[in-house]
Amino acid sequence: MGEGVLKRYREYLPVTADTPMLTMGEGDTPLVESRRLGKEFGIGHLFFKLEGCNPTGSFKDRGMVVAVAKAMEAGHTTILCASTGNTSASAAAYGAAAGLETVVLVPAGQIAAGKLSQAVAYGARVIQIAGNFDAALDIAREVAENYDISLVNSVNPHRIEGQKTAAFEIIETLGAAPDNLFIPVGNAGNITAYWKGFKEAHDDERASSLPQMMGFQAEGAAPIVAGHPIADPQTIASAIRIGNPASWSSAITARDESGGLIGTVSDEEILEAYKLLARMEGVFCEPASAASVAGAIKSARAGMDLSSSTIACIITGHGLKDPSVAMGLADRPQEEAPADARTVADMLGARPKR
Ligand code: AN7
């Protein structure tokens, strides 16, 4: 445990004798069973895969460790990515650990505070692009194509390889594949990676079945559902504010091969799930991550019978990434008191012990 993705899954990853066994302890994240939400919505066995427990607080670390190790192996000195925030935080951290220069291109003013603070803290070069994520990714791809810089977005196949390990872990923990996997979809690398992981495990007979892949995009940023790119995607879930996903076709393949679906959830549904997760389960995630649970709730409400199903919702990133959303949704006012125990006890209406 704590050995990291490269060592733990080396036989399933592009690890050679020359690959540095980089790790910051990524992977091996908890798969916790729902205490209340599952019952509330008639779901047989509901699990949350807490990817926010990775070293930089999101699932990106699983793929980044592989991409950065391979960049080191290839002799690159600079890594580059475009990002809605989490990829940049992860690239900056692993770049720092590997002694590489990290350059991150972010849509100007659209990155959640926690994520931007990570890129800054890890010492990355942050370039705010006057455009959205899709424009930033186009630029990153063009630069990496023409210059000696390693692109660590999920168009880099090593990212997908690393991220597929989460599917292996779910199978190991449950002893089987879940019936359904609910997952947020942005650039669509993660749904691609999970499907690859489940299929490989199935081919190796580590699992006897495959899950139905249930991907969810935010309603205002749902190009795959619409069937065409969205020029100006909008959603409170800034991580998945993406109008032209790089892994579009492999997401469709995951959907169709698994007999699943890619659907939408509104910002209201995302925020409802975000609040329910925190208040009923003690799981604090970022808004994009709640799209998985919002999708499960929406499916249950629409009459999908999950009463005897085992389902896993991927909680892709930690709530501390985007604290402003939590503060904006406070149900209770914060109170003030003088530094005096008696006053506080009175405010609580507490009875003295006898
Ligand atoms: C918390 O960081 O695209 O469908 O640049 O941060 O694999 O893109 C983040 C995406 C879900 C969507 N949940 O995953 C980036 C970036 C969280 C995320 C997604 C992202 P993909």
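Preceding this section is the structure that the text describes.
Let us look at the structure shown here. (Residues numbered from 1 in each chain as written. Predicted model: local features only at pLDDT ≥ 70, side-chain atom pairs only at ≥ 80, totals over all residues. Heavy atoms only, no water.)

Re the pairing of strand β8 (residues 212-218)
Rules: Relative accessibility decides the category of a residue: with a 1.4 Å probe and only protein chains considered, values under 20% of the type maximum give buried, values over 50% give exposed, and everything between is partly exposed. Under the DSSP-based scheme used, a helix requires at least four consecutive residues in state H or I and a strand at least two consecutive residues in state E, with every element numbered from the N terminus. Here, a strand pair is defined by DSSP locating no fewer than two bridges between the strands. Crossover handedness is defined by viewing with both strands directed away from the observer: a clockwise path from the first strand over the helix to the second marks the crossover as right-handed.
Of all the 7 residues making up β8, 6 are buried; the element is thus mostly covered by neighbouring parts of the structure. Sheet topology places strand β7 (residues 180-184) next to β8; 5 bridges connect them, and they run parallel. Paired with L181 across the strands is M213, a residue of β8. For the segment spanning β7, helix α9 (residues 189-203) and β8, crossover handedness is right-handed. Here β8 runs beside strand β9 (residues 261-265); their pairing, made up of 5 bridges, is parallel. If you follow Q217 over to β9, its bridge partner there is T264.

A closer look at the site of the ligand
The line we're drawing: When at least one non-hydrogen atom of a residue lies within 4 Å of a molecule or strand, that residue is treated as near it. Two N or O atoms count as a polar contact when they lie within 3.5 Å, although within protein this holds only if one can serve as hydrogen donor and the other as acceptor, and sequence-adjacent residues are included solely when both atoms are side-chain atoms. Note on areas: Shrake-Rupley, 1.4 Å probe, and residue coverage restricted to the protein chains presented here. When residue character is reported, Ala, Val, Leu, Ile, Met, Phe, Trp, Tyr, Cys and Pro are called nonpolar, Asp, Glu, Lys and Arg charged, and the others, Gly included, polar.
The full set close to the ligand counts 23 residues, and N86, T87, N187, A188 and T316 are the nearest of them. Within the contact set of the ligand, an oxygen atom lies 2.7 Å away from a side-chain nitrogen or oxygen of N86. G186 is positioned with one of its backbone polar atoms (N or O) 2.8 Å from an oxygen atom of the ligand. The protein chains hide 99% of the 470 Å² of surface that the ligand would expose on its own. Breaking the shell around the ligand down by element, the ones donating at least two residues are α4 (86-98), α9 and α13 (287-301). Of the residues that constitute the shell around the ligand, the class distribution is 9 nonpolar, 12 polar and 2 charged.

Some words on the sheet that holds β8
Keep this limit in mind: Each axis is a line fitted through C-alpha atoms, and for a helix only the stretch in contact is used; angles between axes span 0 to 180 degrees, taken between their N-to-C directions.
Taken together, the 6 strands give an open sheet; going across it, the order is β1-β2-β10-β7-β8-β9, and neighbouring strands pair in mixed fashion. The sheet is open, and its two edges are formed by β1 (31-33) and β9, each paired on a single side. The average undirected angle you get between the axes of adjacent strands in this sheet is 25 degrees.

Topic: the sheet that holds strand β5 (residues 125-129)
Read across the sheet, 4 strands follow the order β5-β4-β3-β6 without closing on themselves; strand pairing throughout is parallel. What marks the edges here is a single partner per strand, and that holds for β5 and β6 (150-151).

Side note on the nonpolar core
Applicable threshold: Buried Ala, Val, Leu, Ile, Met, Phe, Trp, Tyr and Cys residues form a nonpolar core when they are joined through side-chain atoms within 4.5 Å. Contacts were defined at the residue level, with two residues in contact if any of their heavy atoms lie within 4.5 Å.
Grouped together as the largest cluster of nonpolar side chains are 53 residues, with contacts concentrated most on L181, I191, Y194 and F198. The dominant element in this core, judged by the number of residues it contributes, is helix α3 (residues 60-73), at 7 residues. Among all residues touching Y194, those that are not within four sequence positions of it are K49, E51, A166, A167, I170, L181, I183, M213 and I314. With 38 residues, the next largest nonpolar core counts L50, L276, M280 and A300 among its residues.

Some thoughts on the pattern of salt bridges
To be explicit about the condition: Salt bridges are defined by distance alone: a side-chain nitrogen of Lys or Arg within 4 Å of a carboxyl oxygen of Asp or Glu.
All chains considered together, the criterion is met by 19 salt bridges. The shortest N-O distance in the salt bridge between E272 and R301 comes to 2.8 Å. A residue pair is termed long-range when its members are at least 10 positions apart, and E272 in helix α12 (residues 267-281) and R301 in helix α13 qualify at 29 residues. In this structure, K275 engages D331 in a salt bridge whose closest nitrogen and oxygen atoms are separated by 2.8 Å. Residue K275 is found in helix α12, and its partner D331 is found in the loop between α14 (323-328) and α15 (341-348); the two are separated by 56 residues along the sequence. Residues participating in the shared-partner salt-bridge network are R8, D28, K49, E51, R62, E169 and E172.

Description of the side chain of S299
Counting through the fold element by element, S299 comes out in helix α13. Contacts of S299, omitting those with residues within four sequence positions, involve F182, M214, F216 and M304.

Describing helix α5 (residues 113-121)
Inclusion rule: The arc in question is the one traced by the directions running from the helix axis out to the C-beta atoms.
Three or more residues of α5 are buried, namely G114, K115, Q118 and A119. Summarising the axial view, the buried residues of α5 lie within an arc of 135 degrees, below the 170-degree limit, and thus occupy one face. Turned more than 90 degrees from where α5 packs its buried face, A113, V120 and A121 sit exposed. As for α5, its buried residues are in contact with α4, β4 (101-107), β5 and α14.

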